[in-house]
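Given next are the chains, with one letter for each unit.
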Amino acid sequence: MGESRKYDITVTVQTQFLADQSDEEANRHVFAYHISIVNTGTIAAQLLTRHWIITEADGKVQEVRGQGVVGEQPSLQPGQAYGYTSGVALSSPVGTMHGSYQFRAEDGECFDAVVDQFVLSVPRVLH
């Protein structure tokens, strides 16, 4: 098995608009996103940091960096999954997020797990 498969993390995202926490008249649109992280590689690894780029419909960009996720830095054995839910408030009804997680494998190698762009949208805004 190649080195690229050794350090392999799969990330999937599900989003939800939180109408009860939003105030559309005040341009506050709140979204939850559930992240599932699976170690699809062949070596244990620990999630150390996160990096998000959040882009709103008006072009406003926010960059977020931090330790771990939701106060944790989970270690994942090969085949093991970790999930968490977090949220973001946007001033526009549509936006996108993408980013990466930085991992350290048990052999000391550091690598990134890319999170592909996903859309945050108030229902019925996008067709």
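This text goes with the structure placed above it.
So, here is what we can say about the structure in this document. Not measured: the values here are computed from a predicted model. (Residues numbered from 1 in each chain as written. Predicted model: local features only at pLDDT ≥ 70, side-chain atom pairs only at ≥ 80, totals over all residues. Heavy atoms only, no water.)

Observations concerning the overall build of the chain
On a plain count of helices and strands, the chain comes out with 1 helix and 8 strands. Its helices and strands in sequence order give the chain the pattern α-β-β-β-β-β-β-β-β, from N to C terminus. In terms of its C-alpha atoms, the chain occupies a principal-axis envelope of roughly 50 × 30 × 20 Å. Going through the 127 residues of the chain one by one, you find that 39% of them count as buried. Pairs at least 24 apart in sequence give 65% of the contacts found in the chain among residues at least 6 apart. Summing over all exposed atoms, the chain offers an accessible surface of approximately 7100 Å²; the carbon and sulfur share of this is 46%. (Helix = DSSP H or I, 4+ residues; strand = E, 2+ residues; numbered from the N terminus. Buried < 20%, exposed > 50% of the residue type's maximum accessible area, 1.4 Å probe, protein only. Contact = heavy atoms within 4.5 Å. Areas by Shrake-Rupley, 256 points an atom, 1.4 Å probe, with all protein chains shown as cover.)

Quick look at the side chain of H29
Inspection of the secondary structure assignment puts H29 in strand β2 (residues 29–39). From its side chain, H29 meets the backbone oxygen of S92 in a polar contact 3.3 Å long. Once residues within four sequence positions are removed from consideration, H29 is found in contact with F17, S22, E24, V88, A89, L90, S91, S92, P93 and V122. (Polar contact = N/O pair within 3.5 Å; in protein donor to acceptor, adjacent residues only side chain to side chain.)

Regarding the pairing of β2
For β2, the buried fraction is high: 8 of the 11 residues fall into the buried class. The sheet contact formed by strand β1 (residues 9–17) and β2 spans 9 bridges and is antiparallel. Paired with T15 across the bridge in β2 is Y33. Pairing of β2 with strand β6 (residues 81–90) involves 10 bridges; the strand directions are antiparallel. In the strand pairing of β6, S36 is matched with G83. (Pairing = 2+ DSSP bridges.)

Quick word on the sheet that holds β1
Spatial strand order, β1-β2-β6: 3 strands in an open sheet with antiparallel pairing. Looking at strand neighbours, the two that pair on one side only are β1 and β6, the edges of this open sheet. Ignoring strand direction, the axes of neighbouring strands in this sheet form an average angle of 20°. (Axes fitted to C-alpha atoms, helices over the stretch in contact; angles between N-to-C directions.)

Quick word on the environment of D20
Checked against the element boundaries, D20 lands in the loop between β1 and β2. Taking the relative accessible area as the measure of exposure, D20 reaches 70% and is therefore exposed. Each C-alpha atom, one on D20 and one on V30, is 8.7 Å from the other, the two residues being 10 residues apart in sequence.

A few points about unusual backbone geometry
Only a minority of non-glycine residues have a phi that is not negative, and only a minority of peptide bonds are not trans. With a phi close to 55°, N27 is a non-glycine residue in the positive phi region. Among the structural elements, N27 can be located in the loop between β1 and β2. Under the relative-accessibility criterion, N27 is labelled partly exposed at 46%. Even without being a glycine, V70 presents a positive backbone phi close to 40°. Relative to the helices and strands, V70 is located in the loop between β4 (61–67) and β5 (75–76).

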